Amino acid sequence: MSARTIRRAALTLLLAAATACTSSPKPAPAAPSSPGAAAQSAPASGAATTLRVLAGSELQDMQPVLDEAKKATGVTVQFTYTGTLDGADTVSSGKADGAYDALWFPSNRYLRLDQAAGGKLLSETPVMVSPVALGVRSSVLADLHWDPAKVSWAQVGDAVNQGKLSFGMSDPSRSNSGLSALIGLASAFSGAQAALTEADVAKASPALRTFFSGQKLTSGSSGWLAQAYQRTAQGGSGQSVGALVNYESVLLSLNRTLPGDAQLTVLRPTDGVVSADYPLTLLSSAAAPAKDAFNRLSAYLLREDVQRRISDTTERRPVVAGVTPGPGLGADRRPELPFPGSRSVADALLAAYQNELRRPSRTVYVLDTSGSMEGDRLTSLKQALGILTGASDTRAVNRFRDREEVTLMSFADVVKWQRTHQVPATAPEAELAAINADVQSLAADGGTAIYSTLEAAYQEVAKQQAAAKDDRFTSIVLMTDGESNLGASAQDFAAFYKALPPSGQAVPVFPILFGEGAKQQLQGIADTTGGKLFDGTGSLTGVFEEIRGYQ
């Protein structure tokens, strides 16, 4: 049986597997043949080949399976991780051509809304399935008196509106789990029965705005979101929440590491879910050896024993009929909620989320302008920050969002100056230009007092919170190319942070490593505050854009 036939059979059986979590009145389509048996008879090994794959970071948990695949097939998978939407943009722009042989994102549905990008996909093999679900902390679930098998998205929204439930969710502009959740919620709240339309989005907006008032934690990846929950559950710093919106597989895997009172009960709401099917996808630009390696790897991953191993290892559902899902994966059915019918509807929903529906942000940028930043480094900083003021970014994926409060703090030996901007809810162009003007005025001289300046940043945040009495996502970004050699010490800062009230300790610092920045100092700051260290030594612009998913 050819590899193409194997993939076609797998796609058919994927529908059967997906129906196991749907309530479609139609029976599941019968499989024309067993892809598991077919895969076992397909050519397995061949010449040693490295397959260059642009993938979602969620695939890191597949490494044990891929190590075994290498022994069986001779195919080494070389991952480059990125977010699903960033990956879609990479394919659309042509930057993936020649740089990668294949894609492996949780879903190709957003990518396929762009016809030009869809035309670059030669073949795809769904490998496993995981719906985006809600994991509720055990103690919170007891207070809500819910039957986990009978909860709807509307009930979840009511609990948020009554102040009984807070949650974390990844940024829809960065992560497929966040995008799937946003689309699923819009479909559920609007009652859409077919492809989501602009009218459906408008109808769902009031309920969406209420729902997202309960989102207290955001991130650029589903993996970091789970780590943030784990850290607070184990007594670490950061924002504690009562629930997580994430892949079913991530929630179940997370439970392996959580103490009893922080365990998550996984709810798949009765009105439906949006699922990831993890299609291994061959790019049309791939060379012949890569195509052969793709076929060998695809056939291996569809073997019945490998499907069972994947489900047991990753908590994802198998796509091959007859393979028993791992323990803990419920078999009761859920509808698959509709996806937008066009890229314009999807992008309009993303823009509405960033600029209107989610809680607004308060962001403080602590910018090292010491003498070592003189020259190319300061030019790079101005370019990277300047991109965040680009009004042409209508999805607000990278730029400062409407309603966002942005404070720039330039420092060396001491804080040189600080300026705060309020991006208005409409017509943000003038304020974005004013931010850029301040960015372009940065000048380098002096030493480096990192910890003292961070203390000043926390004090500024406290003043802003007290004055505004509002409820915002709040974070501090620290960009430095040096080592703190003046002012407060690391021990001084740790004591300062520990003395902050809970509202202050919920504010993470996201340090950016740049130039000769002291990695150990910066990692310590991230660990102390519940933040994350970013490496800007490759692309400062890329890092500033990536951090937007955490703000």
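Structure first, text after, so check above.
Rules of the game
Residues numbered from 1 in each chain as written. Predicted model: local features only at pLDDT ≥ 70, side-chain atom pairs only at ≥ 80, totals over all residues. Heavy atoms only, no water. Axes fitted to C-alpha atoms, helices over the stretch in contact; angles between N-to-C directions. Helix = DSSP H or I, 4+ residues; strand = E, 2+ residues; numbered from the N terminus. Parallel < 35°, antiparallel > 145°, perpendicular 65-115°, else oblique. Left-handed = near helix turned anticlockwise from the far one by under 90°. Contact = heavy atoms within 4.5 Å. Nonpolar A, V, L, I, M, F, W, Y, C, P; charged D, E, K, R; others polar. Pairing = 2+ DSSP bridges. Salt bridge = Lys/Arg side-chain N within 4 Å of Asp/Glu carboxyl O. Buried < 20%, exposed > 50% of the residue type's maximum accessible area, 1.4 Å probe, protein only. Phe/Tyr/Trp six-rings, centres within 6.5 Å; stacked < 30°, edge-to-face > 60°. Lys NZ or Arg CZ within 6 Å of the ring centre and 35° of its normal. Polar contact = N/O pair within 3.5 Å; in protein donor to acceptor, adjacent residues only side chain to side chain.

A. Region of the structure containing the packing of helix α10 (residues 198–212) against helix α15 (residues 343–357). Contact geometry for α10 and α15: axes closest at 11 Å, N-to-C directions at 30 degrees. When the axis of α10 is compared with that of α15, the two are roughly parallel. For the element pair α10 and α15, the recorded crossing hand is right-handed. From α10, E198, V201, S205, L208, R209 and F212 reach across to α15, where they touch S344, V345, L349, Y353, E356 and L357. The residue inventory of the contact of α10 with α15, partitioned by class, reads seven nonpolar, two polar and three charged.

B. Quick look at the sheet that holds strand β4 (residues 121–126). Here five strands make up an open sheet; going across it, the order is β2-β1-β3-β11-β4 and the pairing mixed. Each edge of the open sheet carries a strand with a single partner, namely β2 (75–81) and β4. Between one strand axis and the next, the sheet turns through 30 degrees on average, direction left out of account. Relative to strand β11 (residues 279–283), β4 runs antiparallel, the two sharing five bridges. Across the sheet, S123 pairs through a bridge with L282, a residue of β11. Of the strands in this sheet, β1 (49–55), β2, β3 (102–104), β4 and β11 touch helix α13 (residues 288–301), which is tilted by about 165 degrees from β11.

C. Just the pattern of salt bridges, in detail. Going through the model one piece at a time under the given rule, you end up with 29 salt bridges. The salt bridge involving R377 is made with D481; its shortest N-O contact spans 2.8 Å. Here R377, found in helix α16 (residues 376–387), pairs with D481, found in the loop between β16 (473–480) and α19 (490–498); they are 104 residues apart in sequence, far enough to count as distant. Residue R399 is joined to D402 by a salt bridge in which the shortest nitrogen-to-oxygen separation is 3.3 Å. The buried category is assigned to R399, whose relative accessible area is 5%.

D. Quick look at the pairing of strand β5 (residues 128–137). Of all the ten residues making up β5, ten are buried; the element is thus mostly covered by neighbouring parts of the structure. Residues M128, S130, V132, L134 and V136 point to one face of β5 and V129, P131, A133, G135 and R137 to the other, with burial holding for every one of them. Inspection of the sheet shows β5 paired to strand β12 (residues 317–318) by two bridges, in the antiparallel sense. By the bridge assignment, M128 is partnered in β12 with P318. Pairing of β5 with strand β10 (residues 275–276), which is carried by two bridges, proceeds in the antiparallel orientation.

E. Summary view of the packing of aromatic side chains. As enumerated under the stated definition, the model contains 20 aromatic pairs in all. Centroid distance Y458 to Y497: 6.1 Å. Interplanar angle 75 degrees. Geometry classified as edge-to-face. You can see Y458 sitting in helix α18 (residues 450–468) and its partner Y497 sitting in helix α19, a full 39 residues away along the chain. We note that Y458, like Y497, is buried. Aromatic rings pair up to connect W153, F167, F189, F211, F212 and Y353 into one cluster. R316 extends its terminal NZ or CZ atom over the ring of Y278, reaching a point 4.6 Å from the ring centre. Geometry around W417 places R419 over its ring, the cationic atom sitting 4.1 Å from the centre.

F. Examining the environment of E404 more closely. Structurally, the position occupied by E404 is in the loop between α16 and β14 (405–411). A residue is classified by how much of its surface remains accessible, and E404, at 1% relative accessible area, is buried. Separated by 141 residues in the primary sequence, E404 and E545 have C-alpha atoms spaced 15 Å apart. Side-chain polar atoms of E404 contact the side chain of T363, separated by 3.1 Å. Within the local environment of E404, its side chain forms a polar contact with the backbone nitrogen of R401, the two atoms lying 2.8 Å apart.

G. Fine view of unusual backbone geometry. The phi dihedral of R403 is positive, around 80 degrees, even though this residue is not glycine. Its place among the elements puts R403 in the loop between α16 and β14. With a phi angle near 50 degrees, K469 is a residue other than glycine that sits in the positive phi range. When you line up the elements, K469 lands in the loop between α18 and β16. With a relative accessible area of 73%, K469 lands in the exposed category.

H. How the structure looks around the side chain of R174. With respect to the element layout, R174 can be found in the loop between β6 (167–170) and α9 (176–190). Relative accessible area serves as the criterion here: at 5%, R174 is assigned to the buried category. Here D86 takes part through its side chain, which lies 3.1 Å from a polar atom of the side chain of R174. Once you skip the residues sitting within four places of it in the chain, R174 turns out to touch G83, T84, D86, G220, V397, N398, E545, E546, R548 and G549.

I. Spatial organisation of the pairing of β11. Where burial is concerned, most of β11 is hidden: five out of the five residues are buried. Examined bridge by bridge, β3 and β11 share three bridges and lie antiparallel to one another. Looking across to β11, one finds that A102 is bridged to L282.

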